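Tertiary structure, described
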Amino acid sequence: MATEAQQACFEAGIKFGALYHQFAGTPVSPESAPSLETAIEESIENQPFCESVTVDILTEKLDTEHGYTELTGEYMEVEVVVDYEGSEVVAEMAMHEGYPLMELASVE
């Protein structure tokens, strides 16, 4: 049987999997980024045990030669907070060596 902290970590992974694979490839421009950030946050926050989601689309990095680009991990910084039975997990996603790495920031 998993501990509450282990289950909270699992739940954070589920949230990130849904977030990344649901929204990767979405057309984004500097003008649409704020509404897309809100849509992603509100969508993922609907999931069980999710306390908060913060998405920052790095508009200064967007390659918008054609007016928009596809959303990928290189254009996002994300924080997900999960609370499972009193165990809180903070997980983050940022680029590390060219890869959008999702990792645990804290487990309490």
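Report on the accompanying structure. (Residues numbered from 1 in each chain as written. Predicted model: local features only at pLDDT ≥ 70, side-chain atom pairs only at ≥ 80, totals over all residues. Heavy atoms only, no water.)

Helix and strand counts for the chain stand at two helices and six strands. With respect to the principal axes defined by its C-alpha atoms, the chain has extents near 50 × 30 × 20 Å. Counting every position in the chain, which comprises 108 residues, the buried fraction comes to 36%. Here the chain displays about 6100 Å² of accessible surface, and carbon together with sulfur accounts for 47% of that area. (Helix = DSSP H or I, 4+ residues; strand = E, 2+ residues; numbered from the N terminus. Buried < 20%, exposed > 50% of the residue type's maximum accessible area, 1.4 Å probe, protein only. Areas by Shrake-Rupley, 256 points an atom, 1.4 Å probe, with all protein chains shown as cover.)

This part is about the pattern of salt bridges. Here the structure, examined in full by the defined rule, presents one salt bridge. With a closest N to O distance of 2.7 Å, Glu11 and Lys15 form a salt bridge. Taken together, the residues span about one helical turn, with Glu11 and Lys15 both in helix H1 (residues 4–23) at a distance of four residues. Pair check on accessibility: Glu11 and Lys15 agree, each one buried. (Salt bridge = Lys/Arg side-chain N within 4 Å of Asp/Glu carboxyl O.)

Spanning 13 residues, helix H2 (residues 33–45) covers 18 Å between terminal C-alpha atoms, matching the ideal 18 Å at 1.5 Å per step. Every buried residue of H2 is listed here: Ala33, Leu36, Glu37, Ile40, Glu41 and Ile44. Buried residues in H2, looked at end-on, bunch into an arc of 135 degrees, giving them a common side. Away from its buried face, by an angle of more than 90 degrees, H2 presents the exposed residues Ser35 and Glu42. Considering only its buried residues, H2 is in contact with H1, strand S1 (27–28) and strand S2 (50–57). (Expected span 1.5 Å × (residues − 1). Arc of directions from axis to C-beta. Contact = heavy atoms within 4.5 Å.)

Below, the discussion takes up the nonpolar core. Judged by nonpolar contacts, the single largest core of 26 residues is most densely connected at Ile40, Val53, Val55, Ile57, Leu71, Met76 and Val78. Listing elements by their share of this core, those giving two or more residues are H1, H2, S2, strand S4 (76–84) and strand S5 (87–96). Ranked by residue count, the leading element in this core is H1, at six residues. (Core = buried A, V, L, I, M, F, W, Y, C linked by side-chain atoms within 4.5 Å.)

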